[in-house]
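Structural overview
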Amino acid sequence: MKILQVQFQNRNGHTLRGIVTLPDTEGKVPFVVHLHGFAGSCSGYKSMYTHLSRALAAQGIGSARFDFYGNGESDGEFEDMSFDGLHTDAQDIFAWAAEQPYVDSEKLFLSGQSMGGYIAASCAPVIQPHGLILLCPGAGMWFGCAQRADGVTQTGKDYADMEGLCYKMAFNYEMAKHPDPFTEAKGYNGPVLLLRADDDRLVDEGTCSRYAEGYTAPEVDTIAGGGHNFATLTARAAVEEKTAAFIKAHL
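For every chain, the first residue of the written sequence is number 1, and numbering continues from 1 onward in sequence order. Predicted model: local features are reported for residues with pLDDT of at least 70 only, side-chain atom pairs are reported and counted for 80 or more only, and whole-chain, interface and lining totals are derived from all residues. Each side-chain value is worked out from all heavy atoms of the structure, with water and hydrogens disregarded.

Attention shifts here to the sheet that holds strand S9 (residues 192-197). One requirement defines pairing of two strands: DSSP has to find at least two bridges between them. Helix and strand definitions follow DSSP, with helices as H or I runs of at least four residues and strands as E runs of at least two, each counted in order from the N terminus. With mixed pairing, the eight strands of this open sheet are ordered in space as S1-S2-S4-S3-S5-S6-S9-S10. Each end of this open sheet is capped by a strand with a single partner; those strands are strand S1 (2-9) and strand S10 (219-223). Recorded for the sheet is a direction-independent mean angle of 20 degrees between the axes of neighbouring strands. Pairing analysis gives four bridges linking strand S2 (residues 15-22) to strand S4 (residues 62-66), with the strands arranged antiparallel. Considered in S4, the bridge of Val 20 is made with Ala 64. We call two residues contacting when some pair of their heavy atoms lies within 4.5 Å. Axes here refer to lines fitted to C-alpha atoms; in helices the fit is confined to the stretch in contact. Angles between the N-to-C directions go from 0 to 180 degrees. Here helix H3 (residues 115-127) sits on the sheet and contacts strand S3 (29-35), strand S5 (103-113) and strand S6 (131-135); the angle it forms with S5, its principal contact strand, is near 140 degrees. Each of S9 and S10 touches helix H7 (residues 205-213); the most contacted strand, S9, lies at about 175 degrees to it.

And the structure:
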């Protein structure tokens, strides 16, 4: 396979940096844009997206994974990240991918895990990907977000110390201005894959069910074990297998 280190400027002039993983083939290939989770990076939790990208490349499918602005190797600090910015970054990354010479833009999928899944679902009506892959989409972070921020600001601070990251409450207040996640996801009618581990304590079965209700014939599946990050060998193998099968079924 081929591994490319890539970067481009988003609509705000900030450099986003990421990795493209391609199969050893010539010409345009089916392609996936992966969106990472909250406070994560393009590699995913314990390199989940690195390994998923390699597994897809082995089956002829390319992918790109970028650090959002304020995360990983992209420009900015974590405190600079905004909720609206996650949406525009996702749109800009997808548009960038569609322009690359190795991407079949008519077979361009969007994938996200946890917060990345929430953003992918919310952006799909605007982006209109060929297919949408939601891995334990973290819609629950929207509910009560303003009240949680109030609890922090009432202590006299506008940020929380999140394991060494400066998490500004402006992020929550901006998120609260958006419609609820399931309303915001309406308007995408393409193929959808929804995956969740049966022991995920952050995203419950009801969240996936509510997302599923808004789609036309989505594929909803549950993986045994692994928790929120599919963090076992068998869970990750299942994610890779089901993701590849979904993409191939919709080429």
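Summarising the sheet, strand S7 (residues 159-162) and strand S8 (residues 165-168) pair through four bridges and their orientation is antiparallel. When the bridges of S8 are listed, Asp 161 appears paired with Cys 166. Connecting S7 to the antiparallel partner S8 that follows it, the hairpin turn spans two residues, and Glu 163 within it adopts a positive phi of roughly 55 degrees.

Salt bridge, as used here: a side-chain nitrogen of Lys or Arg that lies within 4 Å of a carboxyl oxygen of Asp or Glu. Going through the model one piece at a time under the given rule, you end up with three salt bridges. The partner of Asp 92 in a salt bridge is Arg 11, and the shortest N-O contact between them spans 2.8 Å. Taken together, the positions of Asp 92 in helix H2 (residues 83-98) and Arg 11 in the loop between S1 and S2 put the pair 81 residues apart, joining distant regions of the chain. A residue is classified by how much of its surface remains accessible, and Asp 92, at 11% relative accessible area, is buried. Of the charged contacts in the structure, one is a salt bridge between Arg 17 and Asp 75, with a shortest N-O distance of 3.0 Å. One end of the pair, Arg 17, is in strand S2; the other, Asp 75, is in the loop between S4 and H2, with 58 residues separating them in the sequence. Remark: exposure states derive from per-residue accessible area (1.4 Å probe, protein chains only) relative to the maximum for the residue type, with buried under 20%, exposed over 50%, and partly exposed in between. We classify Arg 17 as partly exposed; its relative accessible area is 27%. Residue class for Asp 75 comes out partly exposed when judged on its relative accessible area of 26%.

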